[in-house]
Amino acid sequence: MNMSSVSILEYFGDKKYPVLVTIGFFLVTTYVSLFYHNFWTIFDQDGLIYLSGGQQIIAGAGENVSFPNAGPGGPVFFALFESVLKDGLLVTKLISIFSGTGIVFLSYLVFKNIFTTKIALVGQLFIAFNPWLGILSISSVNDLFPILSSIFSLYFITKKDIKLIDIIFSGAVLGIGFMFRFQPAIFLLAIIVFLIILKKKPKFKISAIGLLLVFFILCCSPMLL
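Residues numbered from 1 in each chain as written. Predicted model: local features only at pLDDT ≥ 70, side-chain atom pairs only at ≥ 80, totals over all residues. Heavy atoms only, no water.

(A) Molecular detail of the packing of aromatic side chains. Applying the stated criterion across every chain yields a total of twelve aromatic pairs. Taking the centre distance of 5.3 Å and the plane angle of 35 degrees together, the rings of Tyr31 and Phe35 count as tilted. One end of the pair is Tyr31 and the other is Phe35, both in helix α2 (residues 16-35) and four residues apart, which spans about a single turn. Residue Tyr31 is classed as partly exposed on the basis of its relative accessible area of 46%. The class for Phe35 is exposed, based on a relative accessible area of 56%. Aromatic side chains Tyr155 and Phe156 sit 5.3 Å apart centroid to centroid with 65 degrees between the ring planes, which places their arrangement in the edge-to-face category. Put simply, the rings of Phe77, Phe81, Phe145 and Phe180 touch in pairs and so form one group of aromatic residues. We note Lys200 situated over the ring of Phe204; from NZ or CZ to the ring centre the distance is 5.1 Å. (Phe/Tyr/Trp six-rings, centres within 6.5 Å; stacked < 30°, edge-to-face > 60°. Helix = DSSP H or I, 4+ residues; strand = E, 2+ residues; numbered from the N terminus. Buried < 20%, exposed > 50% of the residue type's maximum accessible area, 1.4 Å probe, protein only. Lys NZ or Arg CZ within 6 Å of the ring centre and 35° of its normal.)

Here it is, written out as structure tokens:
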């Protein structure tokens, strides 16, 4: 290992092993996705439907476009990204790869907020070696980004000393994920219940729930409109 690699690992400190796990997951899924699974399959039909539907919306012909259990935010994002790279399959795969990689890293941070560093690392390894996460990360689907946003929201909520700024970030990322699929709404309800039972002053609870809902609605308002 050269000196530059050592300095990078020293920079990350106790996060060097989670970072290595994350990088390993990214490299493996990228290699498999781009070199062995580089074609549309029946399993990838959701991604193709979202991509074509987003293209219709951008073209102004989206009145009759609908998506199963999903809003138009993800499809429009897919279509905009595709207009830059000119390769719909590559676009959907890159979104899945980066979303899966983000889930692996953020899972460590969430576990660390709740447990010790060693338990967090073990939990991250369970996430990284989960076969379903690996399959979805190499596939052209619309599932992983809303999961990533939901886990990201949990990172702010699971902090030992939650501040209102954490609530704002949590609501914002859930709202963005809600535009891709509707599952983040379940996390929104769970966080509201958590805030109600949290050992904080009633004033803080009311402010936190209000900010959570306001920023959730603001960030998903383009879809609602």
